[in-house]
Amino acid sequence: SLSIEPSRAFSTASGLPVSRYGLGGAARSTQPSTLPSIYCDHLAKQQQQVGAPFFFYYNPHRYPAFLSGIKDICDEKEEKT
């Protein structure tokens, strides 16, 4: 479950705390482009605020689909504003 208090140690530019659970590219696996969206949807459905999504990766060339999914989320959020 992602329903624990968000971290106050890190925050977004808007001041929203960052989720304690990050989603990133694992060294020996392939993450699909849909994974970032699934993660964001899961955070949004929690009963208590769990914070802003937190993504990370080690090598952008190794995770092109995962990074494409992150870009898609950013583009969607930009279109809504």
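Just above, that's the structure.
None of these values were measured; they are calculated from a predicted model.

Conventions used here
- Residues numbered from 1 in each chain as written.
- Predicted model: local features only at pLDDT ≥ 70, side-chain atom pairs only at ≥ 80, totals over all residues.
- Heavy atoms only, no water.
- 1 Å grid on protein atoms, 1.4 Å probe; cavity = no way out; pocket = protein on both sides within 12 Å on 5 of 7 lines; lining within 4 Å.
- Points joined across faces, edges and corners; volume = space filled by probe spheres on them.
- Helix = DSSP H or I, 4+ residues; strand = E, 2+ residues; numbered from the N terminus.
- Nonpolar A, V, L, I, M, F, W, Y, C, P; charged D, E, K, R; others polar.
- Salt bridge = Lys/Arg side-chain N within 4 Å of Asp/Glu carboxyl O.
- Core = buried A, V, L, I, M, F, W, Y, C linked by side-chain atoms within 4.5 Å.
- Buried < 20%, exposed > 50% of the residue type's maximum accessible area, 1.4 Å probe, protein only.
- Arc of directions from axis to C-beta.
- Contact = heavy atoms within 4.5 Å.
- Phe/Tyr/Trp six-rings, centres within 6.5 Å; stacked < 30°, edge-to-face > 60°.

## Points about the layout of surface pockets
By rolling a water-sized probe across the atoms, one finds the places where empty space is left.
Turning to step 1, where the next piece is worked out: Taken as a whole, the largest pocket spans an internal volume of roughly 260 Å³.
Turning to step 2, where the next piece is worked out: In this structure, the largest pocket is lined by 14 residues; those nearest its centre are Cys 40, Asp 41, Ala 44, Pro 53 and Lys 77.
Turning to step 3, where the next piece is worked out: With 5 residues, the single largest contributor to the lining of the largest pocket is helix 1 (residues 35-44).
Turning to step 4, where the next piece is worked out: For the lining of the largest pocket, the class distribution of residues is 7 nonpolar, 3 polar and 4 charged.

## A word on the pattern of salt bridges
Turning to step 1, where the next piece is worked out: One pass over the full model with this rule turns up 1 salt bridge.
Turning to step 2, where the next piece is worked out: A salt bridge links Asp 75 to Lys 71; the nearest nitrogen and oxygen atoms lie 2.8 Å apart. With Asp 75 and Lys 71 both in helix 2 (residues 64-80), this residue pair falls 4 residues apart, about one helical turn.

## Let's talk about the nonpolar core
Turning to step 1, where the next piece is worked out: Among the nonpolar cores identified, the biggest contains 9 residues, and these are Leu 23, Tyr 39, Cys 40, Leu 43, Val 50, Tyr 63, Phe 66, Ile 70 and Ile 73.
Turning to step 2, where the next piece is worked out: Mapped by element, the contributors of at least two residues to this core are helix 1 and helix 2.

## Re helix 1
Turning to step 1, where the next piece is worked out: For helix 1, every residue scored as buried is listed here: Pro 36, Tyr 39, Cys 40 and Leu 43. Along the axis of helix 1, the buried positions cluster into a sector of 95 degrees, meaning they face one direction only.
Turning to step 2, where the next piece is worked out: Summarising the contacts, the buried residues of helix 1 are in contact with strand 3 (23-24), strand 4 (55-56) and helix 2.

## Description of the packing of aromatic side chains
Turning to step 1, where the next piece is worked out: Under the criterion given, the structure shown has 3 aromatic pairs.
Turning to step 2, where the next piece is worked out: When the ring of Phe 54 is compared with that of Phe 56, the centres are 6.0 Å apart and the planes differ by 40 degrees; the resulting orientation is tilted.
Turning to step 3, where the next piece is worked out: When the ring of Phe 55 is compared with that of Phe 66, the centres are 6.4 Å apart and the planes differ by 70 degrees; the resulting orientation is edge-to-face. Separated by 11 residues along the polypeptide, Phe 55 in strand 4 and Phe 66 in helix 2 bring together distant segments of the chain.
Turning to step 4, where the next piece is worked out: Judged by its relative accessible area of 24%, Phe 55 is partly exposed.
Turning to step 5, where the next piece is worked out: Among the residues examined, Phe 66 registers a relative accessible area of 0% and is labelled buried.
Turning to step 6, where the next piece is worked out: Connected via pairs of aromatic rings, a cluster forms that spans Tyr 39, Phe 55 and Phe 66.

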